[in-house]
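Structural overview for review
Chain by chain, the residues:
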Amino acid sequence: MPTAASTLPIIDADPFGPRVLADPLPFQHELREAGPVVVLAKYGVYAMGRHAEVQAALTDWQSFESGAGVGLANFRTEAPWRPPSLLLEADPPHHDAPRAVLTTILGPRQLARLREAWEADAAELVDTLLARASGGALEFDAVPDLAGAYPLRVFPDAVGIGPDGRENLLPYGDMAFNAFGPRNALVERDAERVGALSGWVASQCAREALSESGFGAQIWEAADRGDITHEQAPLIVRSLLTAGVDTTVNGIAAFLHAVATHPRAWERLRRQPALIRGSFDEAVRLESPVQSFFRTATRDVEIGGTVIPAGSKAVLFLGAANRDPRRWEDPDVFDVDRDPSGHVGYGFGLHQCVGQHVARAEATAVMGALARRVEAIELAATPRRHLNNTLRSWASLPLRFTVA
Amino acid sequence: MTLTAEAAPRPKRAAKPSRTARTTDQRAADQHAVVTAVERAADGVVAITLAHPEGRRLPDWTPGAHIDLVLADGTMRQYSLCGDRWDAHAYRIGVLRDPASRGGSATIHDTLRVGDTVRLGGPRNTFRLVPSPRYVFVAGGIGVTPLLPMIRQAELLGADWHLFYLGRSRSTMAFLDELVPHGQRVTVLAKDEVGPSDLGALIGPARADTKVYACGPQRLLDGVLAAAEADRWPEGWVRVERFAAAEQGEPARAQPFDVVLARSGATVTVAPGTTVLDAVQAAGAAVLSSCREGTCGTCEVAVLDGAPDHRDSILSPAERRANTCMFPCVSRSCSDRLVLDV
């Protein structure tokens, strides 16, 4: 519990309350303008929202550890709700081997072999959807039908899990990302299904549950080579299933929302499909599908005249940093010509999203297929948010597609 | 500890934005560092400490990693990092004056001084420490450098470990003072005191709970690998890092072969005597390279089709069999055609 210096700004708003989760932009503004470091009164934790400090704190793993949990709960004093992640909730040296194994398995070298099949899958999905068009246009809810459908079509197969129970993936991810926040109504709502969902996910991580050539099998093969232990393998598979679905669904939805609300951007991406890949990162910057992660100070850390004492939790608002006008020109604009390098939407430093190449490959395949067949994408009705303590998510994104 | 925000000032929108996503593993030798200390570590060995010219963090690394060091005259050499990764502001390397060197180590010994600027590439790691309840480390001379951070890591992980440190004589063996606190865990085997060592006896019979890491001259590594094979150590349980390329024998084929550049669709024919790296670069593909002898790992490319003739000193037999990547600076082709993701 920090003892706020008299000069340290205090923010009363609850960033995990329904009002801020539904529209975090005013809170992000307040946070950034209050100072480089503030205290969140409701939770008694430090918070940062400016790009420079957030990026620096993410990079400085020596001063800000992840092993005490990257949510509000401090694993040094509270029992985690599940065995901690060997990646997200671990520090060097324990973090090294699992990270190295996943970096290889999810690296560009492996994905190059999947690209063709994923592009064919995307084209087929888009063709099937557009077959329902009448009069050269159609409307559908892009959350279940496209942004959700595509990752669920390619990613579980790529990991190599069986066909049964895949409907549990999104609820499990939703639950895991809620669990980084406080024990509010969103977490309470999941209390009854924690056991069943966790049990299903755990059963998918066993060697015999996985196909012979997927990412999951490759993780087990890494254990056979001694790169990780056989005890670590199922937990690393679990990381893929936890962090690899909801995030991508929301990332693709963010991309679709961005082009639907910036018509000239879509024209440009259609003319120059090579821009699609970088524009996905611009959408990730703008929307920040993962809004926040916590760290814990390993020593007294001075930032902007404030000392964050050893053992204190600090929450880093990635979404706020990605719209910090100190770093980005016209930060609220989706600009396909912007170089979004340095955004913290995937985190930064040694914990930076190990699946980012997978996310880019999926998004590029889907949007590339759309760019070939769809002339215009517009909002068909007002989109509706799905609230999550960590994810910026959509419940519904009704879009109108004009077939080229 | 003060955390300083090190983000670059807000860039103006680029006229022609770069869309190349770069990973930390693809960092070119485009980073500058300044020499902050040059210390004698043994006869013929100096320890050099490097820092960012503006005092910023240096890129993260893991035990076993090496950097490319590019001297003012353009000479590039690879050196293992042997400092403390918890200090993000300093790299330490140990440099042996190698009489057989191509000039790099002699230049460093004779001319590199505190305050000088060098360029860095990497870090890259082709010698990763993997989890194990027990480790046996075998160092030959300056080969102790990548093992020093591994030892620290083994301590942090609570693993049982032992280091056999072989050298000609104690006066030539660097960093002995840093090993003293480890007492019985370290066995110093100076040839002028104990004569030649039996490597097979050092690593002993295969043990499921033990991983062996060896770094040193070619003869030592060959000895360790031969002993490991004789004692039926499983693949992956014995890991070595080479200073120089392993002998590869003749290429698998004497005829030219085609290389298809998947991203541009271009095809180039690679004649005997031309490297795949030179051929694809001439065809316009941007492939970063460094050592050009198959030891550093910089030029790794993905193989989409075909069977490479692996001639590097990096990939394990299992990785070679997977045929998913190759190092085009030395590796060639067994098949008529290779398709590379470049």
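In what follows, the structure referred to is the one given above.
Only a predicted model underlies this, so the values are computations on that prediction, with no experimental measurement involved.

A closer look at the overall build of chain B
Of regular secondary structure, chain B possesses eight helices and 18 strands. For chain B, whose C-alpha radius of gyration is 21 Å, the value lies close to the compact-globule estimate of 20 Å for 342 residues. Taking the principal axes of the C-alpha coordinates as reference, chain B spans close to 60 × 55 × 40 Å. Per-residue burial over chain B gives 51% buried out of 342 residues. Sequence separation of at least 24 residues holds for 65% of the intrachain contacts in chain B that already meet a minimum separation of 6. Accessible surface, chain B as shown: approximately 15500 Å² in total, 50% of it carbon and sulfur. Across chain B, the centroid of the 39 positively charged side chains sits 5 Å from that of the 39 negatively charged ones.

Quick look at the interface of chain A and chain B
Counting residues at the interface gives 55 residues for chain A and 44 residues for chain B. Taking both partners together, chain A and chain B bury about 3900 Å²; carbon and sulfur atoms supply 52% of that area. Of all residues in chain A, Arg 109, Arg 113 and Glu 329 of chain A bury the most surface against chain B, accounting for 16% of the area lost on that side. Those elements giving two or more residues to the side of chain A that touches chain B turn out to be α3 (51-59), α4 (96-105), α5 (108-130), α11 (215-224), α15 (276-287) and β7 (301-303) of chain A. Ranked by the residues each element gives to the side of chain A that touches chain B, the list is headed by α3 of chain A, at seven residues. Taken together, the residues of the side of chain A that touches chain B sort by class into 20 nonpolar, 14 polar and 21 charged.

A few points about the sheet that holds strand β1 (residues 10-11) of chain A
The strands making up a sheet are joined through hydrogen bonds of the backbone, oriented either antiparallel or parallel. All names here are of chain A. Spatially, β1-β2-β3-β9-β6-β4 is the arrangement adopted by the six strands of the open sheet, whose pairing is mixed. The sheet terminates laterally at β1 and β4 (64-65), the two strands that pair on one side only. Pairing of strand β2 (residues 38-40) with strand β3 (residues 45-48) involves three bridges; the strand directions are antiparallel. Counted as the bridge partner of Leu 40 is Val 45 from β3. Together, β3, β4, β6 (292-297) and β9 (313-317) form the strand contacts of α3, whose direction differs from that of β9 by roughly 125°.

Considerations on the pairing of strand β10 (residues 210-216) of chain B
Residue and element names in this part refer to chain B. Here β10 lies mainly inside the structure; seven of its seven residues are buried. For strand β7 (residues 134-140) and β10, the ladder comprises six bridges, and the chain directions are parallel. Bridge assignment links Arg 134 to a residue of β10, and that residue is Thr 210. In terms of handedness, the path from β10 via helix α6 (residues 218-230) over to strand β11 (residues 238-242) forms a crossover that is right-handed.

Some points on the nonpolar core
Counting 82 residues, the largest nonpolar core has Leu 256, Leu 370 and Ile 377 of chain A as its most contacted members. Among the elements that make up this core, the one with the highest residue count is helix α17 (residues 356-373) of chain A (nine residues). Residue contacts for Leu 370 of chain A: discarding those within four places in its chain leaves Val 126, Leu 146, Leu 256, Trp 266, Ile 377 and Phe 401 of chain A. Formed by 31 residues, the second largest nonpolar core is a distinct cluster that contains Ala 139, Ala 154, Leu 163 and Ala 174 of chain B.

Some details on the packing of helix α13 (residues 246-260) of chain A against α15 of chain A
Residues and elements named next belong to chain A. Between α13 and α15, the shortest axis-to-axis distance is 9 Å and the interhelical angle comes to 100°. In terms of their interaxial angle, α13 and α15 are classed as roughly perpendicular. In this structure, α13 contributes Gly 251, Ile 252, Ala 254 and Phe 255 to the contact, and α15 contributes Ile 276, Ser 279, Phe 280, Ala 283 and Glu 287.

Overview of the packing of α4 of chain A against α11 of chain A
Residue and element names in this part refer to chain A. The geometry of α4 relative to α11 is characterised by a closest axis approach of 10 Å and an angle of 135° between their N-to-C directions. Relative to α11, α4 is oriented oblique. Crossing of α4 against α11: the hand is right-handed. On α11, the residues that touch Val 101, Leu 102 and Ile 105 of α4 are Phe 215, Gln 218, Ile 219 and Ala 222.

What to know about the side chain of Gln 204 of chain A
Residue and element names in this part refer to chain A. Counting through the fold element by element, Gln 204 comes out in helix α10 (residues 194-204). By relative accessible area, which is 9% here, Gln 204 ends up buried. Of note is the side chain of Gln 204, whose polar atom sits 3.3 Å from the side chain of Ser 203.

Points about the packing of aromatic side chains
The tally for this structure, following the rule as stated, stands at 16 aromatic pairs over all chains. Their ring planes at 75° and their centres at 5.4 Å tell us that Trp 61 of chain A and Trp 86 of chain B sit as a pair that is edge-to-face. Residue Trp 61 of chain A is found in the loop between α3 and β4, and its partner Trp 86 of chain B is found in the loop between β4 (76-80) and β5 (91-96); the two belong to separate chains. Taking the relative accessible area as the measure of exposure, Trp 61 of chain A reaches 5% and is therefore buried. Judged by its relative accessible area of 25%, Trp 86 of chain B is partly exposed. Where Phe 140 of chain A meets Phe 401 of chain A, the ring centres are 4.6 Å apart and the plane angle is 10°; that geometry is what we call stacked. One end of the pair, Phe 140 of chain A, is in strand β5 (residues 137-141); the other, Phe 401 of chain A, is in strand β13 (residues 398-403), with 261 residues separating them in the sequence. Both residues of the pair, Phe 140 of chain A and Phe 401 of chain A, belong to the buried class. The structure contains a cluster of three or more aromatic residues connected by ring pairs, namely Phe 127, Tyr 135, Phe 137, Trp 161 and Tyr 213 of chain B. In this arrangement the basic side chain of Arg 327 of chain A is found over the ring face of Trp 328 of chain A, its NZ or CZ atom lying 4.1 Å from the centre. The ring of Trp 237 of chain B has Lys 211 of chain B sitting right over it, with the charged end atom 4.6 Å from the ring centre.

Scoring rules and cut-offs
Residues numbered from 1 in each chain as written. Chains lettered and ligands numbered in written order. Predicted model: local features only at pLDDT ≥ 70, side-chain atom pairs only at ≥ 80, totals over all residues. Heavy atoms only, no water. Helix = DSSP H or I, 4+ residues; strand = E, 2+ residues; numbered from the N terminus. Rg over C-alpha atoms; globule rule 2.2 N^0.38 Å. Buried < 20%, exposed > 50% of the residue type's maximum accessible area, 1.4 Å probe, protein only. Contact = heavy atoms within 4.5 Å. Areas by Shrake-Rupley, 256 points an atom, 1.4 Å probe, with all protein chains shown as cover. Lys, Arg positive; Asp, Glu negative; His and termini not counted. Charge placed at Lys NZ, Arg CZ, Asp CG, Glu CD. Buried area = accessible area lost by both parts, 1.4 Å probe. Nonpolar A, V, L, I, M, F, W, Y, C, P; charged D, E, K, R; others polar. Pairing = 2+ DSSP bridges. Axes fitted to C-alpha atoms, helices over the stretch in contact; angles between N-to-C directions. Right-handed = clockwise from strand over helix to strand, strands pointing away. Core = buried A, V, L, I, M, F, W, Y, C linked by side-chain atoms within 4.5 Å. Parallel < 35°, antiparallel > 145°, perpendicular 65-115°, else oblique. Left-handed = near helix turned anticlockwise from the far one by under 90°. Polar contact = N/O pair within 3.5 Å; in protein donor to acceptor, adjacent residues only side chain to side chain. Phe/Tyr/Trp six-rings, centres within 6.5 Å; stacked < 30°, edge-to-face > 60°. Lys NZ or Arg CZ within 6 Å of the ring centre and 35° of its normal.

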